[in-house]
Amino acid sequence: MKTIWPIDHTCGHHADRDLSDRPADRRAGFAEWLARQECTDCWRASNEGDEQDKAAWLKAKRAEEQTASEAWSEQYRMPPLEGTERAVPWGVRCRHQILTNAYTALVAEGFSVKFCVLGR
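Below you will find a few notes about this structure.

**So, the overall build of the protein chain**
- A tally of helices and strands in the protein chain yields three helices and two strands.
- Going residue by residue from the N terminus, the α and β elements of the protein chain occur as β-β-α-α-α.
- By the compact-globule yardstick of 14 Å for 120 residues, the protein chain is too spread out, its C-alpha radius of gyration being 27 Å.
- Overall size of the protein chain, expressed as C-alpha extent along the three principal axes, is 75 × 45 × 30 Å.
- Within the protein chain, the proportion of its 120 residues that are buried is 16%.

**Some remarks on the nonpolar core**
- Judged by nonpolar contacts, Trp5, Ile7, Leu19, Phe30, Ala31 and Leu34 together constitute the single largest core of six residues.
- Of all the secondary-structure elements, those providing two or more residues to this core are β1 (4-8) and α1 (27-35).
- Of the residues forming this core, the biggest block, three residues, is contributed by α1.
- In this view, Ala31 contacts Trp5, Ile7 and Leu19; residues no more than four positions away in its chain are not counted.

**Remarks on the environment of Gly49**
- By the element assignment, Gly49 lies in helix α2 (residues 40-75).
- Counting along the chain gives 13 residues from Gly49 to Arg36, while the straight-line C-alpha distance between them is 22 Å.

**A few points about the side chain of Ser73**
- In this fold, Ser73 is placed in helix α2.
- Residues contacting Ser73, with those up to four places away along its chain left out, are Met78, Val92 and Arg95.

**Focus: the packing of aromatic side chains**
- Inspection of the entire model under this criterion finds two aromatic pairs.
- Seen from their ring centres, Phe30 and Trp33 are 5.7 Å apart, and the 20 degrees between their planes marks the pair as stacked. Residue Phe30 and its partner Trp33 are both found in helix α1; the two are separated by three residues, about one turn of the helix.
- Overall, Trp33 belongs to the partly exposed group, its relative accessible area being 39%.

**Focus: a nonpolar patch on the surface**
- Where nonpolar side chains cluster on the molecular surface, the patch consists of Tyr103, Leu106 and Val107 and spans about 300 Å² of accessible area.
- If you trace the backbone, Val107 turns up in helix α3 (residues 87-108).

**Looking at the pairing of strand β2 (residues 14-18)**
- Of the pairings in the sheet, the one linking β1 to β2 comprises five bridges and is antiparallel in character. Among the inter-strand pairings, Pro6 is bridged to a residue of β2, identified as Asp16.
- In textbook terms, the turn of a hairpin is the stretch between consecutive antiparallel strands, and for β1 and β2 this stretch comprises five residues, one of which, Gly12, has a positive phi near 100 degrees.

**Some thoughts on α1**
- For α1, the complete set of buried residues consists of Arg27, Phe30, Ala31 and Leu34. For α1, the angular spread of the buried residues around the axis is 100 degrees, confining them to a single face.
- Contact partners of the buried residues in α1: β1 and β2.

Calculation notes
Each chain carries its own residue numbering, running from 1 in the written order of its sequence. Side-chain atom pairs in this predicted model are given and counted only at pLDDT of 80 or more, local residue features only at pLDDT of at least 70, and totals for whole chains, interfaces and linings cover all residues. Calculated side-chain values reflect all of the structure's heavy atoms, with hydrogen atoms and water omitted. Numbering of helices and strands starts at the N terminus; helices are DSSP runs of H or I of at least 4 residues and strands are runs of E of at least 2. When we talk radius of gyration, it's over C-alpha atoms, and the globule rule is simply 2.2 Å times the number of residues to the 0.38. To sort residues, take the accessible area from a 1.4 Å probe on protein chains only and compare it with the maximum for the residue type: under 20% means buried, over 50% means exposed, and anything in between is partly exposed. The definition of a nonpolar core used throughout is a set of buried Ala, Val, Leu, Ile, Met, Phe, Trp, Tyr and Cys residues joined through side-chain atoms within 4.5 Å. It only takes one pair of heavy atoms within 4.5 Å for two residues to be counted as in contact. Pairing of aromatic side chains here covers Phe, Tyr and the six-membered ring of Trp, requires ring centres within 6.5 Å, and sorts the geometry by plane angle: under 30 degrees stacked, over 60 edge-to-face, intermediate tilted. Nonpolar side chains (Val, Leu, Ile, Met, Phe, Trp, Tyr) are joined into patches within 5 Å and like charges within 9 Å, using only residues with over 30% relative accessible area and no salt bridge. For accessible areas, the Shrake-Rupley method is used with a probe of radius 1.4 Å. Any residue's cover is judged against the shown protein chains and nothing else. Salt-bridge detection follows one rule: a side-chain nitrogen of Lys or Arg within 4 Å of a carboxyl oxygen of Asp or Glu. Two strands pair under a simple rule: DSSP has to find at least two bridges between them. Within this analysis, the arc is defined by the directions that extend from the helix axis to the C-beta atoms.

Structure (structure tokens):
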């Protein structure tokens, strides 16, 4: 049973791949799929910048959310939160998200809430 498959990747690199961890009837199909892909090194090199871009975007988004949450807390005179250096900013963002979503659902969209009193 053939387990080592020669793969000529689209990037022009060649690799001999051990496909023994795949079921025997699926090795040929997987080898064809691999041949339509870049090799691992080329794929990593081409996607390395994407990870840095994503990290920078996420950092900017978190800073924007934090600024909006802090401004909202001041506007509505929310009491200050206590906790660790990391927990307080997270708590401020969570409080802002939860209360604004609740306001939207209950007031702006008119979601009705019925209360039940036990014994009546």
